[in-house]
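Remarks on the overall topology
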Amino acid sequence: MRKELVLGVILGASALAAPGFAETQTAAAPPTPKGTEMIRQASGTFEVKVMPLAEDEKVPGVSVGRMSIDKQFKGDLEGTSKGEMMTASTSVKGSAGYVAVEVVTASLKGRTGSFTLLHQATMKQDGDFKMSLVVIPDSGTGELAGLGGSMTIIIEGGKHSYQLDYTLSEVR
């Protein structure tokens, strides 16, 4: 797969870019009903390196590429991630998709551990870009055991940031 197409898939989210978000939970928030968890937000920036992986056995007729993902997170989430992405192109320039699995090892607002993100994205020739990143259930370890949620990637002016909407038990 052409490197610029893969980067276009990853960086195409700039059309959806929005200003950064602040954490919405406040000290004055009403108590959470027993048996439910409050959705919290974490935000910050990240640097990402995406590199092509060596070609392996291909399925005839399927146009795929493989890439490695290497990130450094700053902000409410401090740490690193490693992952692998599989991309698919079409005969229509500008239309593509990818899936990825990324293991994040970090501190989330002071709680340390790891968790796994699952990515799925599509991009159409007309610029329509859809991306979904979710925390894989039961993938949290250490003080992040029980973590659930989803991540939004924001790209503005060539800079990457994230918003993680998550639930996590208060028990440490």
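Up top you'll find the structure we're talking about.
Quick look at the structure, then. What you see is a predicted model; the values in this text were computed from it and never measured.

This paragraph deals with the pattern of salt bridges. Counted by the stated rule, this structure contains 4 salt bridges. Glu84 serves as the salt-bridge partner of Arg66, at 2.7 Å between the closest nitrogen and oxygen. A residue pair is termed long-range when its members are at least 10 positions apart, and Arg66 in strand S2 (residues 64–75) and Glu84 in strand S3 (residues 77–89) qualify at 18 residues. For Glu84, a relative accessible area of 39% gives the class partly exposed. Lys71 is paired through a salt bridge with Glu102; the nearest N and O atoms lie 3.2 Å apart. Taken as a pair, Lys71 in strand S2 and Glu102 in strand S4 (residues 96–108) lie far apart in primary sequence, 31 residues in all. For the pair Lys71 and Glu102, a shared accessibility class is recorded, and that class is buried.

Here 7 bridges tie strand S1 (residues 40–52) to strand S8 (residues 159–167), and the two strands are oriented antiparallel to one another. By the bridge assignment for S8, Arg40 is matched with Tyr166. When strand S7 (residues 148–156) meets S8, the two strands line up antiparallel, connected through 9 bridges. Following the sheet pairing, Ile153 is matched in S8 by Tyr162. Hairpin connection, S7 to S8: the antiparallel pair is bridged by 2 residues, and Gly157 has positive phi, about 55°.

This brings us to the side chain of Ser139. Residue position: Ser139 is located in the loop between strand S6 (129–135) and S7. Only 3.0 Å separates the side chain of Ser139 from the backbone nitrogen of Thr116, close enough to count as a polar contact.

It is worth spelling out a nonpolar patch on the surface at this point. Taken together, Val101, Leu118 and Val134 make up a surface patch of nonpolar side chains, about 200 Å² in accessible area. On the secondary structure map, Val134 appears in strand S6. Classification of Val134 by relative accessible area gives partly exposed; the value is 33%.

With a phi close to 50°, Lys109 is a non-glycine residue in the positive phi region. The residue Lys109 is located in the loop between S4 and strand S5 (111–123) in this model. The backbone phi angle of Asp138 is positive, close to 65°, even though this residue is not glycine. You can see Asp138 is positioned in the loop between S6 and S7.

Let's shift gears to the packing of aromatic side chains. Tallied over the full model, the rule gives 2 aromatic pairs. Ring plane angle 40° and centroid distance 5.7 Å describe the contact between Phe46 and Phe73, whose orientation is recorded as tilted. Pair noted here: Phe46 is in strand S1 and Phe73 is in strand S2, with a separation of 27 residues, a long-range link. Taken as a pair, Phe46 and Phe73 share a single burial class, namely buried. On the numbers, 5.6 Å between centres and 80° between planes, the contact of Phe73 with Tyr162 is edge-to-face.

For the rest of this paragraph, the subject is the environment of Ala88. Topologically, Ala88 is positioned in strand S3. By relative accessible area, which is 32% here, Ala88 ends up partly exposed. Distance from Ala88 to Val62, taken between C-alpha atoms, is 7.9 Å for residues 26 residues apart in sequence.

In the sheet, S3 pairs with S4 via 13 bridges, with the strands oriented antiparallel. In the sheet register, Gly79 faces S4, and the bridge partner there is Ala106. The hairpin turn running from S3 into S4, its antiparallel successor, is 6 residues long, and Gly94 in that turn takes a positive phi close to 95°. Of the pairings in the sheet, the one linking S4 to S5 comprises 13 bridges and is antiparallel in character. Across the sheet, Ala96 pairs through a bridge with Met123, a residue of S5. The turn linking S4 back onto S5 is made up of 2 residues, and Lys109 within it adopts a positive phi angle of 50°.

So, how was this worked out
- Here the residue index of a chain counts from 1 through its sequence in written order.
- Side-chain atom pairs in this predicted model are given and counted only at pLDDT of 80 or more, local residue features only at pLDDT of at least 70, and totals for whole chains, interfaces and linings cover all residues.
- Think of the side-chain values as coming from all heavy atoms in the structure, minus any hydrogens and water.
- In the sections that follow, a salt bridge refers to a side-chain nitrogen of Lys or Arg positioned within 4 Å of a carboxyl oxygen of Asp or Glu.
- Only DSSP runs of H or I covering at least 4 residues are called helices, and only runs of E covering at least 2 are called strands; the numbering of each starts at the N terminus.
- With a 1.4 Å probe rolled over the protein chains alone, any residue whose accessible area is under 20% of its type maximum counts as buried; one over 50% counts as exposed, and the rest are partly exposed.
- When DSSP finds two or more bridges between two strands, those strands count as paired.
- Counting of polar contacts relies on pairs of N or O atoms within 3.5 Å, with two restrictions inside protein: one atom must be capable of donating a hydrogen and the other of accepting it, and residues adjacent in sequence are counted only when both atoms are side-chain atoms.
- Patch definition: residues with relative accessible area over 30% and no salt bridge; like charges joined within 9 Å; nonpolar side chains (Val, Leu, Ile, Met, Phe, Trp, Tyr) joined within 5 Å.
- Computed with the Shrake-Rupley method and a 1.4 Å probe, the accessible areas treat only the protein chains shown as cover for residues.
- Aromatic pairs are defined between Phe, Tyr and Trp rings, using the six-membered ring for Trp, whenever the two ring centres lie within 6.5 Å; interplanar angles under 30 degrees are classed as stacked, those over 60 as edge-to-face, and all others as tilted.

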